[in-house]
Structures are given as C-alpha cells and as structure tokens.
Amino acid sequence: MKATRIDHIGIAVKDLRAAVAWYEETLGFKSGGTETVDEQKVEVAFLPCGEGELELLESTDPEGPVARFIEKNGEGVQHIALRVADIDAVLAELKEKGVRLIDQTPRYGAGGARIAFIHPKETKGVLLELCERS
Ligand code: CO
C-alpha cells in the first residue's frame, strides 16, 4: 500500500466548542467548521495545519468509540489518518495479507472522505485511519 501523506491527527475531546476556542485563541488555528458524523457518533472540527489537519472529535453518544476512548485514556490523540489514493485497493491488499481491520469496506468520513480503520493490535497500538479524498 502507498500512503501519500499524513491526512490528519484525530484528537478526542470532551467539549468540542471549548477545544476549538482554545486552539483558535491560544494557538492561532482557524476552524474549517464542524460536522456531525452519525455513523461514528461524533461531532468533529477540522483545524487546517499546513498540508495536514487536526481533527477534534467530541462524542455525541456515551457509548460511542470516542466516549469509550476518553473513559479509558482521557482526552488525547485517538487516531492518525493516512491519505491513500485508492482505499478499495488498499483494503483488498491488507485483507490479502491477513491484516485485522475494523472496517472491511470504506465508510463515510467527515468532509466526504472514504475511510476505514486498521485494528490497533496490528499497528503496535495506534488506531490508523485510511482516508481517500476525491
Ligand atoms: Co479521522
């Protein structure tokens, strides 16, 4: 598989509005707006940073993956997203290699991306998101 760059770094937060305000006012980021992604039970805000972005994620459901992450680890880096050109080809290749995947097929990601997660057991403890943008 060929990852072309780090697309974004996902940061789990308890309070999205407060987190966006802090990143904007203190670090000078400018939010590209927020979006609710029902499929992942999150509301997200993207903060562009050069060629990459920070993705702040607040859970919209106490049973959602981001809520469970914060319960276990506290706020912090939750995933790293790698940009790939052809996510279908990458998933097929990883399945062929027997890699454990969280998503067998691409699903909707914020901003209209097609995304899939690789299981952190495979990646030495990091939740890796594959991210294809058109
Ligand atoms: Co992400």
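Draft legend 1. Structural detail: the coordination of the cobalt ion. The cobalt ion binds to the protein through H8 (NE2), E55 (OE), H79 (NE2) and E129 (OE); the donor distances cover 2.1 to 2.2 Å. Of note is the cobalt ion, whose 4 donor atoms meet at the metal with angles of 83 to 166 degrees in an arrangement that counts as irregular. Within one chain, the residues serving as donors to the cobalt ion are arranged as H-x46-E-x23-H-x49-E. In this pair, H8 is assigned in strand β1 (residues 3-12) and E129 in strand β8 (residues 128-132), connecting sequence segments 121 residues apart. With relative accessibility at 1%, the residue H8 sits in the buried group. Judged by relative accessible area, which is 3%, E129 ranks as buried.

Draft legend 2. The pattern of salt bridges, seen in detail. Counted under the stated rule, the structure contains 7 salt bridges. Residue R83 is joined to D7 by a salt bridge in which the shortest nitrogen-to-oxygen separation is 2.5 Å. One end of the pair, R83, is in strand β5 (residues 76-84); the other, D7, is in strand β1, with 76 residues separating them in the sequence. The buried category is assigned to R83, whose relative accessible area is 19%.

Draft legend 3. Region of the structure containing the pairing of β1. By the bridge criterion, 8 bridges tie β1 to β5 in an arrangement that is antiparallel. In the strand pairing of β5, I6 is matched with L82. By the bridge criterion, 5 bridges tie β1 to strand β4 (residues 52-59) in an arrangement that is parallel. Bridged to A12 within β4 is L57.

Draft legend 4. Layout of the pairing of strand β2 (residues 34-37). Looking at chain direction, β2 and strand β3 (residues 42-49) are connected through 4 bridges and run antiparallel. Bridging across to β3, T36 finds its partner in E43. Counting the residues that bridge the hairpin from β2 to β3 gives 4 residues, and of these K41 lies at a positive phi of roughly 55 degrees.

Draft legend 5. Just the state of the cysteines, in detail. Scanning the model with the defined rule gives 0 disulfides in all. The thiol of C49 is not disulfide-bonded; the next cysteine sulfur, from C131, is found 16 Å away.

Draft legend 6. View of the packing of aromatic side chains. For the structure on display, the rule yields 2 aromatic pairs. Arranged with centres 5.3 Å apart and planes meeting at 80 degrees, the rings of W22 and Y23 form a pair that is edge-to-face. The class for W22 is partly exposed, based on a relative accessible area of 44%. Between Y23 and F29, the ring centres sit 5.8 Å apart and the planes meet at 65 degrees, which makes this aromatic pair edge-to-face. Relative accessible area serves as the criterion here: at 16%, F29 is assigned to the buried category. The rings of W22, Y23 and F29 are connected pair by pair, giving a single aromatic cluster. One cation-aromatic arrangement involves R133 over F46; the distance from NZ or CZ to the ring centre is 5.8 Å.

Draft legend 7. Representation of the environment of C49 within the structure. Secondary-structure assignment places C49 in strand β3. Residue classification places C49 among the partly exposed positions, given a relative accessible area of 43%.

What counts, and where the lines are drawn
- Residues numbered from 1 in each chain as written.
- Predicted model: local features only at pLDDT ≥ 70, side-chain atom pairs only at ≥ 80, totals over all residues.
- Heavy atoms only, no water.
- Donors = N, O, S within 2.8 Å, 3.2 Å for Na, K, Ca; no water.
- Tetrahedral: all angles 85-135°; square planar, octahedral: opposite > 155°, others 65-115°.
- Helix = DSSP H or I, 4+ residues; strand = E, 2+ residues; numbered from the N terminus.
- Buried < 20%, exposed > 50% of the residue type's maximum accessible area, 1.4 Å probe, protein only.
- Salt bridge = Lys/Arg side-chain N within 4 Å of Asp/Glu carboxyl O.
- Pairing = 2+ DSSP bridges.
- Disulfide = S-S within 2.5 Å.
- Phe/Tyr/Trp six-rings, centres within 6.5 Å; stacked < 30°, edge-to-face > 60°.
- Lys NZ or Arg CZ within 6 Å of the ring centre and 35° of its normal.

That's the geometry; what it means functionally is another story.
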